[in-house]
Amino acid sequence: MAIDMTPWPGTDVEKYRAAGYWRGETFAGFLASRARAHGNRVALVDDRTRLTYAELDERTDHVAHGLRGLGLGSDDRVLLQLPNRAEFLLLWFALMKIGAVPVHTQPGHRRSEMVHLAQHSDAAAYVIPDLHAGFDHRELAAEVRSVSPSLKHVIVVGDPGTGTGFTPFTDLLTSAPEAGPAITSRASGGDAALLLLSGGTTGLPKLIPRTHDDYLYNSRAAGEVCELTEESVYLAALPVAFNYTMNCPGVLGALSVGGRVVLAGNPDPGYCFDLIEREGVTIAAINPQLAPVWLDEAAVTDADLSTLRVLQVGSARLADETARKMVAELGCVIQQVFGMAEGLLCLTRLSDPPEIITTTQGRPISPADEIKVAGPDDQEVPDGEEGELLVRGPYTLRGYYHADEHNAKSFTHDGFYRSGDRVRRRPTGHLVVVGRSKDQINRGGEKIPATEVEGHLLAHPAIQSAALLPAPDPDLGERSVAFLVLDGGPDAVPAPDRKELAAFLDKRGVAAFKAPDEVRILDVMPLTPVGKMDKKVLAAQIKAERSKSGPPA
Ligand code: AMP
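Everything quoted here is computed from the prediction, not taken from an experiment. (Residues numbered from 1 in each chain as written. Predicted model: local features only at pLDDT ≥ 70, side-chain atom pairs only at ≥ 80, totals over all residues. Heavy atoms only, no water.)

K.L.:
How would you explain the nonpolar core if you had to name every residue and give the values?
P.N.:
Grouped together as the largest cluster of nonpolar side chains are 124 residues, with contacts concentrated most on Leu67, Leu91, Trp92, Leu235, Trp294, Leu311 and Met326. By residue number, the principal contributor to this core is helix H4 (residues 86–98), which donates eleven residues. Not counting chain neighbours up to four residues away, the residues in contact with Met326 comprise Ile286, Ala291, Leu295, Leu311, Val313, Leu318 and Ile334. Counting residues in hydrophobic clusters, the runner-up holds 23 residues, among them Ile3, Val154, Val156 and Phe166. (Core = buried A, V, L, I, M, F, W, Y, C linked by side-chain atoms within 4.5 Å. Buried < 20%, exposed > 50% of the residue type's maximum accessible area, 1.4 Å probe, protein only. Helix = DSSP H or I, 4+ residues; strand = E, 2+ residues; numbered from the N terminus. Contact = heavy atoms within 4.5 Å.)

K.L.:
Could you give an account of the sheet that holds strand S20 (residues 386–392), naming the residues involved and the relevant values?
P.N.:
The strand order across the open sheet formed by four strands is S19-S20-S21-S22, and the pairing between neighbours is antiparallel. Two strands bound the open sheet, and with one partner strand each, they are strand S19 (370–374) and strand S22 (431–436). Within this sheet the neighbouring strands show an average axis-to-axis angle of 45°, counted without direction. Alignment of S20 against strand S21 (residues 417–425), held across five bridges, turns out to be antiparallel. (Pairing = 2+ DSSP bridges. Axes fitted to C-alpha atoms, helices over the stretch in contact; angles between N-to-C directions.)

K.L.:
Which residues make up the state of the cysteines, and what values do they have?
P.N.:
Cysteine pairs can be covalently joined through their sulfur atoms, and such a bond is termed a disulfide. Across all of its chains, the model carries zero disulfides by this definition. Of the cysteine sulfurs around Cys248, a residue in no disulfide, the closest is that of Cys226, at 9.3 Å. No disulfide involves Cys346; its nearest neighbouring cysteine sulfur is the one of Cys248, lying 10 Å away. By relative accessible area, which is 0% here, Cys346 ends up buried. (Disulfide = S-S within 2.5 Å.)

K.L.:
Any chance you could break down the site of the ligand for me, citing the residues and the numbers?
P.N.:
With respect to spatial proximity, 15 residues lie near the ligand, and among them Val337, Ala341, Asp421, Lys438 and Lys447 are the closest. A distance of 2.5 Å separates an oxygen atom of the ligand from a polar atom in the side chain of Asp421. Here an oxygen atom of the ligand sits 3.1 Å away from a polar atom, N or O, in the side chain of Lys447. Protein contacts shield 89% of the accessible area of the ligand, which totals 500 Å² for the unbound molecule. For the shell around the ligand, the element with the most residues is strand S16 (residues 333–340), which contributes four residues. Partitioned by chemical class, the residues of the shell around the ligand number six nonpolar, four polar and five charged. (Near = heavy atom within 4 Å. Polar contact = N/O pair within 3.5 Å; in protein donor to acceptor, adjacent residues only side chain to side chain. Areas by Shrake-Rupley, 256 points an atom, 1.4 Å probe, with all protein chains shown as cover. Nonpolar A, V, L, I, M, F, W, Y, C, P; charged D, E, K, R; others polar.)

So, to be careful, I would describe these as geometric facts and stop short of saying anything about function.
Right, dumping it as structure tokens:
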């Protein structure tokens, strides 16, 4: 039985199948079919490994057997928390082969997020590195397992440690493939293949079911826009767990057509430029926060970047000025990427004129993407006017996983997803992102749900009331500002500063990127007439300061 998800209506299912968007293929046989066509071509490269399609397929067979040996199988949810290493994809495809469902978590998630994800998805296993970026994931996994009854296994890439009962990844890799067929998945195209995380606005992250049909169509359509072929070499500079890196067209788009994927351990341009030269990278994806550093390095590097045909920039708003600089100074096509793990993906086209590439965030990749730019009553506003972006289509979800109450608010009655993004549509269909109505901060591409952090801040003994808002930032695009009203009671404790709040949130097991970048103390919290926190007043205050000091440099 497939995992629960909100289905597309039958008429849409028929339409998408008839149009050839949904082909009934699943990821279970994805590598085997690519290995038949491209067996000896290099599929995957990281700092330690270099695998052809045939080798990648064979190794994932071993891992699949190993996973089955642990008792894992159809529809079991498995938390994947790995950085950019070949093992991410070995596990991912092995899970597909046995019909299990990876849950893409972020390397920076900590106890608060991981316990929620383990419990919410009823995960049967959790995959971690031993140490990453100085953090011991084994301790985290032990804590998560102790409070998550469904979690039977922890699989460690690296040293599992003694007495933990954790399974070393190498045990899976050396499993005997003669123990029956590697592919046992009974999934069909319409079943959920994976669960992605939403950036979220309220509470902890929601889970986004993506089906085999819709996810394969997403990467195929994006790959066509990016003109990917078997000669393409995709550099994954950002975490591969992100939908952007995985599927826009990303890793899966490149593998779909027999291209090569190069996993970069970090997005530092010095290191990435060496990879571009060494592997002949043709397409890479970064975010706006990295754009200035990549530009600076490109001006002085000795590395040969001449193979790089397309540089994608997305996940947060790219300033028009930076886009112009990139077009003028980098000898490749710049492509703006505006997408969401929920589905919709907009790309500028490789042949779009510079004016479009530098001032818009692209247009939808599919002719079947239905876009509405809506006013407060959900009625469409004319082209050129600002409104909320609503979307439905062949690869945009119809409901979050097990979230009825949230779904009632996140979708219109006729199935359009309310993105919370404020956009303007040009007559050509290109969208310009002008803001956001959702209560979220986009900190250099990392999404921070304001209410989740506010909830944690309220647990601090000095804090009576807390509001988290975005403020423009020259490096991050947006930084987070915590407006706090202090508890003035007789036992009042001193006002916490930024460092203290970071330590406080860390102790509560919250990912470090969610700690406020700035703290401001207020006498009273502005309230709406019905007594709710009035964030508009605080946002106006930030805006007024900005116009006084001019836009960020
Ligand atoms: P995620 O699901 O984490 O990929 O985040 C999706 C959200 O990131 C979108 O709904 C937007 O709010 C934001 N976003 C992604 N790409 C862009 C872009 N090019 N410009 C502005 N915002 C973006």
